[in-house]
Amino acid sequence: DIGFVRAVENFGSEDLLELVLHEPVKNLGRQVFVPFRKAFVPEVNLEQSNVVIAFKEWQEIHISERDEDGDE
């Protein structure tokens, strides 16, 4: 359980899940938008009111080497 879905948004490109995370993630914060694609949201269970997010996979494409701690 990493947080909750606040909304489903579409800013013109594709549907995005707006997630509010229980704990902030370094370089991302507490509020993130995850594309509502099977690659990142492989399971939606309406009966249990939950979704499975492939968060680590999504996170890998959103944190670059520029975001890592360094001397710069």
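Structure's up top.
Computed from a predicted structure; not experimentally measured. (Residues numbered from 1 in each chain as written. Predicted model: local features only at pLDDT ≥ 70, side-chain atom pairs only at ≥ 80, totals over all residues. Heavy atoms only, no water.)

J.: Quick question: what am I supposed to make of the nonpolar core here?
T.: Across soluble globular proteins, you tend to see nonpolar side chains buried next to one another. Grouped together as the largest cluster of nonpolar side chains are 11 residues: Leu17, Leu19, Leu21, Val25, Val32, Val34, Phe40, Val41, Ile53, Phe55 and Trp58. If you list the elements that add at least two residues to this core, you get strand E2 (15–25), strand E3 (29–35) and helix H1 (55–60). Broken down by element, the residue count for this core peaks at 4 residues, all from E2. Leaving out residues up to four positions away in the same chain, Val41 has contacts with Leu17, Val34, Pro35, Phe36, Val51, Val52 and Ile53. (Core = buried A, V, L, I, M, F, W, Y, C linked by side-chain atoms within 4.5 Å. Buried < 20%, exposed > 50% of the residue type's maximum accessible area, 1.4 Å probe, protein only. Helix = DSSP H or I, 4+ residues; strand = E, 2+ residues; numbered from the N terminus. Contact = heavy atoms within 4.5 Å.)

J.: Whenever I open this one, a nonpolar patch on the surface confuses me. Can you help?
T.: A grouping of Val5, Val8, Phe36, Val44 and Leu46 is seen on the molecular surface, where their side chains present a nonpolar patch of about 460 Å² in accessible area. Looking at the secondary structure, you find Phe36 in the loop between E3 and strand E4 (43–45). (Patch = residues over 30% accessible without salt bridge, like charges linked within 9 Å, V, L, I, M, F, W, Y side chains within 5 Å. Areas by Shrake-Rupley, 256 points an atom, 1.4 Å probe, with all protein chains shown as cover. Salt bridge = Lys/Arg side-chain N within 4 Å of Asp/Glu carboxyl O.)

J.: How should I be thinking about the sheet that holds E3 in this particular structure?
T.: Here we have 3 strands laid out as an open sheet, ordered E1-E2-E3, and antiparallel in their pairing. In this open sheet, the two edge strands, each paired with only one partner strand, are strand E1 (3–10) and E3. Put simply, the sheet's adjacent strands are angled 30 degrees from each other on average, direction ignored. With 7 bridges connecting them, E1 and E2 associate as antiparallel partners. Bridging from a neighbouring strand, Asn10 pairs with Asp15 of E2. (Pairing = 2+ DSSP bridges. Axes fitted to C-alpha atoms, helices over the stretch in contact; angles between N-to-C directions.)

J.: Please explain the pattern of salt bridges as it appears in this structure.
T.: Taken as a whole and assessed by the stated rule, the structure comprises 2 salt bridges. Notably, a salt bridge pairs Glu14 with Arg37, separated by 2.8 Å at the nearest N-O pair. A residue pair is termed long-range when its members are at least 10 positions apart, and Glu14 in the loop between E1 and E2 and Arg37 in the loop between E3 and E4 qualify at 23 residues.

J.: Even after reading the chapter, I still don't get the pairing of E2, so can you show me in this structure?
T.: Within a regular beta strand, the side chains point alternately toward one face of the sheet and then the other, so they alternate between its two faces. Here E1 folds back onto E2, and the loop between the two strands holds 4 residues, one of which, Gly12, carries a positive phi near 110 degrees. Sheet topology note: the E2/E3 ladder contains 6 bridges and is antiparallel. Paired with Leu16 across the strands is Pro35, a residue of E3. If you look at the hairpin formed by E2 and E3, you'll find 3 residues sitting between the two strands, and Asn27 has a positive phi there, around 75 degrees.

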